[in-house]
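The chain contents come next:
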Amino acid sequence: MHASTPLPDQRLRLERVTKRFSAHTAVDAVSLDLAEGEFFCLLGPSGCGKSTLLRMVAGFETPDSGAIRLGETDLTALPPHRRPVNMMFQSYALFPHMSVAANLAYGLKGLGLSRAQSAGRVKDLLRLVRLEGFEARRPDKLSGGQRQRVALARALAREPRLLLLDEPLGALDRALREETQGELRAIQRRLGTSFIVVTHDAEEAMALADRIGVMERGRLVQVGPARALYERPASRYVAGLLGDVNLIDGRLGRAEPGGIRSVETAFGLLRASGEGEAGNAVVIAVRPERLIVRGEEGLHGLSGLLTEATFLGDRIRYRVEMANGTTLRASAALPAPGPIPAVGETVTLGVPAESAWILPA
Ligand code: ATP
C-alpha cells in the first residue's frame, strides 16, 4: 500500500458575505461552511437574496464586505473564469444552432484537449446524463428534461469543484421534475462535486439536499437537514416555508420530566416540546399530519367540531373548529385505521407532545 497524500481541503466558506443595492441589503452577513461533496439547497421566497448570494459565489457580483473561500484560496476578488466554480442557469443557455456534441465540446474549449480527447470527454458526459447517442441532435429537437441534462453536462464539462444551479428544474412539469430530482442527486453522488441549488420549492429542497439553508430578507436564518427544519423549525417563518403548519398562540407552563412543557392555549391545555421560560408567550407549531382526529368524544384530548373532511385519494383533509373559534387543519393517511368521522360531528383532537414544537411568539 502506498501512503496517500490527503487531498487539499476544498470546502467552500462564506464569511459574513454582504451585498447592498443602494439602500437595499440583498444579502446580509451570510456565513456558511459547506462540506466537500455536499448537496446544499438555498431555500426562500422570491426576492430573499438567494440568486444574489449564488452570483457572488460564481463571481458575477462582488460582495460589499465579507469573504468567499474555497479551501485556502480566497475567491472574493477572482473573476468568474478563474474560479473552480461553474453555474448552470435556469434558461439553460444552450446554443440552438449547434448539436448536442458541439454544445458540450464548447464547454471544453481552452482546456487544451486534442480533438479525440474532447470527443471522448463528450461521450463520458453524455453517458453521465444518460443521453448516449444524442450527439448529433439539436437542442430544439430535445425534450425539456433532455435539454436540462445537456445543460447540466455542459456545466460539468470542466469538472468544477463546485456547481451552482439557479432553479435548475423550474421549467419542467411536475412529473419530470420528480424524476429529474432523482437523476440530479444520483449524478451529484457519483461525481462527488459539491452542488448548491437555489429553489423556492421546499419539497424540491427536501428531495435534493443534504442540508437546506433558509433565507429570509437577505439573512440565512436556519441551516440543517430537511427533517430538522421540518420538525424543529427555528421560527414561524421557517415552519411555514417548509410545509403546511398550524400555529397556535399560548403561554408556557411548567416543565415536565423529559423536556415536555404544558402550554395554555385559548382552547385548552396542550403538551409540547421545546424551551422557554414559564409564563412566556409562545407559538406552538404542529403539522396537520401530526394531529390525530378521532370520532369519539371523551377520549383524552381536546374536543372540537369537524367542519370539513375532504377525500384526497391518499389522505383525508380535516378542518376542526375549536371552542374559541380557532380552526386547526389536520390530515390523515388513507386507508384510515378506524371509522372516518363525519362533518358536523364533535371530534377529539390528539396533539402528541413530541409533534408540538414551541417557538418564541
Ligand atoms: P428570485 O427567486 O425572484 O430570483 P431571489 O431570492 O433570488 O429571488 P435576488 O434575485 O437575489 O432574490 O434579489 C434579492 C433582492 O435584491 C431583491 O429585492 C432584488 O430586487 C434586489 N436585486 C437583485 N439584483 C439587483 C440589482 N442588480 N440591482 C438592484 N437590486 C437588485
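Bear in mind that the values here come from a model prediction, so they are computed numbers and not experimental data.

Definitions and limits used
Just so you know, the residues in each chain are numbered from 1, in the order the chain's sequence is written. With the structure being a predicted model, the display of local features is reserved for residues of pLDDT at least 70 and the display and counting of side-chain atom pairs for 80 or more, all residues being used for whole-chain, interface and lining totals. Being near a molecule or strand means, for a residue, that its backbone-placed C-beta atom lies within 6 Å of it. Helix and strand definitions here come from DSSP, where helices need a minimum of 4 consecutive H or I residues and strands a minimum of 2 consecutive E residues; each element is numbered from the N-terminal end. Classification convention: Asp, Glu, Lys, Arg as charged; Ala, Val, Leu, Ile, Met, Phe, Trp, Tyr, Cys, Pro as nonpolar; all other residues, Gly among them, as polar. The burial criterion counts other C-beta atoms lying within 10 Å of a residue's C-beta, which is placed from the backbone; the residue is buried at 20 or more, exposed at 12 or fewer, and partly exposed between these limits. Strand pairing follows a simple DSSP-based rule, namely that at least 2 bridges must link the two strands. Whenever a helix is involved, its axis is fitted only over the stretch in contact; in every case the axis is a line through C-alpha atoms, and angles between N-to-C directions fall within 0 to 180 degrees.

Structural notes on the site of the ligand
Residues in contact with the ligand, as listed here, are Phe 21, His 24, Ala 26, Gly 44, Ser 46, Gly 47, Cys 48, Gly 49, Lys 50, Ser 51, Thr 52 and His 200. Secondary-structure elements contributing two or more residues to the shell around the ligand are strand S2 (24-33) and helix H1 (50-58). By residue number, the principal contributor to the shell around the ligand is H1, which donates three residues. Of the residues that constitute the shell around the ligand, the class distribution is three nonpolar, eight polar and one charged.

Observations regarding the pairing of strand S12 (residues 260-265)
Of the two faces of S12, only one is covered, namely that formed by Arg 261, Val 263 and Thr 265; the face formed by Ile 260, Ser 262 and Glu 264 stays uncovered. One ladder, built from four bridges, connects strand S11 (residues 246-255) with S12; its direction is antiparallel. Bridging from a neighbouring strand, Arg 251 pairs with Glu 264 of S12. Between S11 and S12, which pair antiparallel in sequence order, lie four residues; one of them, Gly 258, sits at a positive phi of approximately 85°.

Digging into the sheet that holds strand S17 (residues 315-322)
Taken together, the five strands give an open sheet; going across it, the order is S15-S19-S16-S17-S18, and neighbouring strands pair in antiparallel fashion. Pairing within the sheet leaves two strands with one partner each, and these edge strands are strand S15 (292-294) and strand S18 (327-333). The average angle at which neighbouring strand axes cross in this sheet is 45°, direction not considered.

Read these as layout, nothing more, since geometry by itself doesn't imply function.
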